[in-house]
Amino acid sequence: MSPSTERPTLVLLHGFLGSAGDWQSVLPALERQFHCLALDLPGHGDNRFPLNQGPGFDEVCLHLESQLPQAPFHLLGYSLGGRIALHLAQRHPEQLLSLTLESVHPGLKLESDRAQRRQADGQWQRLLQQHSLGDFLERWYRQPVFANLSDQARKKMIEARLGNNASALAALYTNTGLGWQQDLRPAVAELTVPVHYLCGREDSKFVALGREMDSLGLLTSLHSFPCGHNVHRACPAPFADTLIQTLIP
């Protein structure tokens, strides 16, 4: 039996503008316990799959499903990758060993809030389509959720993302905006596998979302770390250790 079949599979989904390479800081530790399968989302990294411009998560899920293992697996998603993971979990609950959400929004509850979000997302989409990618990235990483980034870290992040294709990013953003996502709290409640939530204590919005989900009885465990939105990048060792201790009996 090969080492990969002896270890459970952990599928990792990165966030918007990222790539499978974003997990490199935690993979050495995780690969001692898991067979890690880090996927590129459409339009990111080496994945040049062309999405249609129409909204909805179905096309993204269908594309990723062809890359998922046949045997049951652990699923981990960060930010947008976590919202896509929620949809995959809803579609294929029987394939999951567990679901881990890192800084993930389960969905807006009110249609009025979703409509407002679609309007705001449209502005970002137009920025992607009508301006340079560098201009978009500079504005994107000035959002409050990234306030903990130093100027040097922000510059490094922008430089790492400049190789992306703006039209492909815009297509994914259109398909998977929070304004098009339904409230998935009821879907999480129906899962029979452990659900874990990880967030940074400096990221107050997602700390609040994690606590709310926990108070509703949706989570098996809730973990916070001394950092901002991107926990696995800012706190790789504690992140990996916590994940291993949480998922390995």
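Up top is the structure.
None of these values were measured; they are calculated from a predicted model.

A. Looking closely at the overall build of the protein. On a plain count of helices and strands, the protein comes out with 12 helices and 6 strands. Taking 249 residues into account, the globule formula puts the C-alpha radius of gyration at 18 Å, and the protein, at 17 Å, falls close to it. Within the protein, the fraction of its 249 residues that count as buried is 53%. Sequence separation of at least 24 residues holds for 74% of the intrachain contacts in the protein that already meet a minimum separation of 6. Element-wise, carbon and sulfur atoms account for 51% of the exposed surface of the protein, whose accessible area totals about 11400 Å². The positive charge centre, built from 21 side chains, and the negative charge centre, built from 24, are 6 Å apart in the protein.

B. Summary view of the packing of helix α5 (residues 111–130) against helix α6 (residues 133–140). Here α5 crosses α6 at 150°, and the two axes come no closer than 7 Å. With respect to α6, the axis of α5 lies roughly antiparallel. Relative to α6, α5 is oriented so that their crossing is right-handed. Contact residues: α5 offers W124, L127 and L128, while α6 offers L133, D135, F136, R139 and W140.

C. Quick peek at the pattern of salt bridges. The tally for this structure, following the rule as stated, stands at 12 salt bridges. Among the salt bridges present, the one from E65 reaches R91, with a minimum N-O distance of 2.6 Å. One end of the pair, E65, is in helix α3 (residues 58–65); the other, R91, is in helix α4 (residues 80–91), with 26 residues separating them in the sequence. Exposure remark for R91: the relative accessible area of 32% places this residue in the partly exposed category. Put simply, E111 and R118 hold a salt bridge, and the shortest N to O gap is 2.7 Å. What emerges from the salt-bridge pattern is a single network uniting K109, D183, R185 and E212.

D. Inspection of the pairing of strand β5 (residues 195–200) at higher detail. Among the 6 residues of β5, 6 are classified as buried, and the element is accordingly described as predominantly covered. Taking every second residue as pointing to the same face, both faces of β5 are buried, with V195, Y197 and C199 on one and H196, L198 and G200 on the other. Alignment of strand β4 (residues 96–102) against β5, held across 4 bridges, turns out to be parallel. Each residue of the ladder has a partner; that of L101, found in β5, is Y197. Note: β5 against strand β6 (residues 221–225), 5 bridges, orientation parallel. Opposite L198, over in β6, you have H223 as the bridge partner. Regarding topology, helix α10 (residues 204–215) serves as the crossover connection from β5 to the parallel β6, and that connection is right-handed.

Cut-off values and rules
Residues numbered from 1 in each chain as written. Predicted model: local features only at pLDDT ≥ 70, side-chain atom pairs only at ≥ 80, totals over all residues. Heavy atoms only, no water. Helix = DSSP H or I, 4+ residues; strand = E, 2+ residues; numbered from the N terminus. Rg over C-alpha atoms; globule rule 2.2 N^0.38 Å. Buried < 20%, exposed > 50% of the residue type's maximum accessible area, 1.4 Å probe, protein only. Contact = heavy atoms within 4.5 Å. Areas by Shrake-Rupley, 256 points an atom, 1.4 Å probe, with all protein chains shown as cover. Lys, Arg positive; Asp, Glu negative; His and termini not counted. Charge placed at Lys NZ, Arg CZ, Asp CG, Glu CD. Axes fitted to C-alpha atoms, helices over the stretch in contact; angles between N-to-C directions. Parallel < 35°, antiparallel > 145°, perpendicular 65-115°, else oblique. Left-handed = near helix turned anticlockwise from the far one by under 90°. Salt bridge = Lys/Arg side-chain N within 4 Å of Asp/Glu carboxyl O. Pairing = 2+ DSSP bridges. Right-handed = clockwise from strand over helix to strand, strands pointing away.

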